[in-house]
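# Tertiary structure, described
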Amino acid sequence: MTVTADSVEKIYEIMVEKLSKFVPKVELRYKAELTFEINQLKKEKNAVILGHNYMEPALFHTVPDFTGDSLGLAREAAKTDKDIIVFCGVRFMAETAKILSPEKTVLLPSPKGGCSLAESITAEDVRKLREQYPGVPVVTYVNTYADVKAESDVCCTSGNAVEVVESFKDQTIIFLPDEFMAKNIALETGKHIIFPTNNPANLKKSGNGLDYRMIGWNGKCEVHEQFTVEDIVNVRKQFPDVVVLAHLECKPEVINASDYSGSTSGMIRYVEETKAPRYLLLTECSMGDNIAAANPKKEMLRLCSIRCPHMNEITLEQTRDALKLNRYVIDVPEDIRNRARAAVDRMIAIG
Ligand code: 13P
Ligand code: SF4
């Protein structure tokens, strides 16, 4: 959480104590100066900083007023009374903040902040699916852009996807765009799923009166698709007592071989509440450092070559410049915003 000491030296000392295992001390000195500057700018501009769990440790543990997963940060964005929201995350998250707080200025520190899932589907794709499966409700993962949310009935995050899908009881639904998450939820809720994009024969089927209960899309997270069952088997061989946690965007066989699956905040809570000495995190690598810094007595194993290139774009320098130069402003056209808001509000009402 925010390090608010009144001098660079004090901030540096706090950072060294918490982060020197993860960040070289020379870098920490420079980062302490940036943190001090960001804190001053934040006050001057009446801004709040929201930091996703994937931010690099020196950012995650210093400047955000709130850290969390997509759902938690969306809730904070909706509640804030500050004039400016600086979203240290990726574009779809900053858009969700704008949808929920349209009167605020929302800044994304990176000009792009992409996401392979958000880029896997367009609003036109959703309209075509609706034509193909008339009357079938569309559930959309929040890792999508605002115009796709606007075509949807309800959104969900990895933190509430099962509750949202179960709210439709045994009705058939379209679940977009994450293929693995859709399969994981289908398994958990006992729904049979088909993929019109993967199997053209499915294109001819209509949504009414058929035996399947979910229609999916073929989007994938470029980070989580890299984890394999073999990774888990190899680590378990070396450390038989390891507890394995996987994000819901991982392949179903990976989830099946893990001890826990859920959202990023769900994984953080699980580590905090479990007594085991050692954990393997199958998710973005910086989050392992962030949990390790907060739980110094527990060992976090992670496959460290795996970083989200989009989350990695956000640095303390970029965050300082966002506040200093009022950049990069996130705008969502009013018509799209209103329709997307209805889908996000329905999600928040469910859980
Ligand atoms: P969470 O909502 O679980 O934080 O996930 C966001 C994300 O992009 C995971 O890759
Ligand atoms: Fe998107 Fe995957 Fe990066 Fe999350 S980790 S922002 S899903 S590309």
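Whatever comes next refers back to the structure up there.
Quick look at the structure, then.

### With respect to the overall build of the protein chain
- The secondary structure content of the protein chain amounts to 15 helices and 13 strands.
- Rg of the C-alpha trace for the protein chain: 21 Å, near the compact-globule value of 20 Å for 351 residues, within the 12% margin.
- Considered along the principal axes of its C-alpha atoms, the protein chain spans approximately 65 × 55 × 30 Å.
- Out of the 351 residues belonging to the protein chain, those deemed buried represent 57%.
- Accessible area for the protein chain stands at about 14,500 Å²; split by element, carbon and sulfur atoms hold 50% of it.
- Averaging the positions of the 44 positive and the 50 negative side-chain charges in the protein chain gives two centres separated by 1 Å.

### Quick word on the site of ligand 2
- Taken together, Tyr54, Cys115, Ser116, Leu117, Asn143, Cys221, Val223, Glu249, Cys308, His310 and Met311 form the complete shell of residues around ligand 2.
- Tallied by class, the residues present in the shell around ligand 2 amount to seven nonpolar, three polar and one charged.

### Re the packing of helix H1 (residues 8–19) against helix H2 (residues 25–45)
- Where H1 contacts H2, the two axes come as close as 8 Å, and the packing angle between them is 130°. Of the possible angle classes, the one that applies to H1 and H2 is oblique. In this structure, H1 meets H2 at a crossing whose hand is right-handed. Residues Val8, Glu9, Ile11, Tyr12, Met15, Val16 and Leu19 of H1 pack against Lys25, Leu28, Arg29, Lys31, Ala32, Glu33, Thr35, Phe36 and Asn39 of H2.
- Within the contact of H1 with H2, the residues separate by chemical class into nine nonpolar, two polar and five charged.

### A short note on the pairing of strand E12 (residues 278–282)
- Among the five residues of E12, five are classified as buried, and the element is accordingly described as predominantly covered.
- The alternating pattern of E12 places Arg278, Leu280 and Leu282 and Tyr279 and Leu281 on opposite faces, both of which are buried.
- Where strand E10 (residues 243–247) and E12 come together, four bridges link them in parallel fashion. Within E12, the residue paired with Leu245 across the bridge is Leu281.
- A crossover connection joins E12 to the parallel strand E13 (residues 299–302) through helix H13 (residues 285–294); in handedness this β-α-β unit is right-handed.

### Topic: the packing of helix H5 (residues 91–100) against helix H15 (residues 334–350)
- Running from N to C, H5 and H15 point in directions that differ by 95°, and their axes come no closer than 9 Å. On the basis of the axis angle, H5 is roughly perpendicular to H15. Facing H5, whose interface residues are Thr96, Lys98, Ile99 and Leu100, H15 presents Arg337, Ala340, Arg341, Val344, Asp345 and Ile348.

### What about the sheet that holds E13?
- One open sheet accounts for four strands, arranged E11-E10-E12-E13; its pairing is parallel. Each edge of the open sheet is held by one strand with a lone partner, namely strand E11 (260–262) and E13. Ignoring which end each strand starts from, the neighbouring axes of this sheet average 25° apart.
- Across four bridges, E12 lies against E13 in parallel orientation. Counterpart to Leu280 in the pairing with E13 is Leu301.
- In this fold helix H10 (residues 229–238) packs onto E10, E12 and E13, with an angle of close to 170° to the strand it touches most, E12.
- The strands touched by H13 within the sheet are E12 and E13, with E13 carrying the most contacts at an inclination of about 175°.

Rules used in this analysis
Residues numbered from 1 in each chain as written. Chains lettered and ligands numbered in written order. Predicted model: local features only at pLDDT ≥ 70, side-chain atom pairs only at ≥ 80, totals over all residues. Heavy atoms only, no water. Helix = DSSP H or I, 4+ residues; strand = E, 2+ residues; numbered from the N terminus. Rg over C-alpha atoms; globule rule 2.2 N^0.38 Å. Buried < 20%, exposed > 50% of the residue type's maximum accessible area, 1.4 Å probe, protein only. Areas by Shrake-Rupley, 256 points an atom, 1.4 Å probe, with all protein chains shown as cover. Lys, Arg positive; Asp, Glu negative; His and termini not counted. Charge placed at Lys NZ, Arg CZ, Asp CG, Glu CD. Near = heavy atom within 4 Å. Nonpolar A, V, L, I, M, F, W, Y, C, P; charged D, E, K, R; others polar. Axes fitted to C-alpha atoms, helices over the stretch in contact; angles between N-to-C directions. Parallel < 35°, antiparallel > 145°, perpendicular 65-115°, else oblique. Left-handed = near helix turned anticlockwise from the far one by under 90°. Contact = heavy atoms within 4.5 Å. Pairing = 2+ DSSP bridges. Right-handed = clockwise from strand over helix to strand, strands pointing away.

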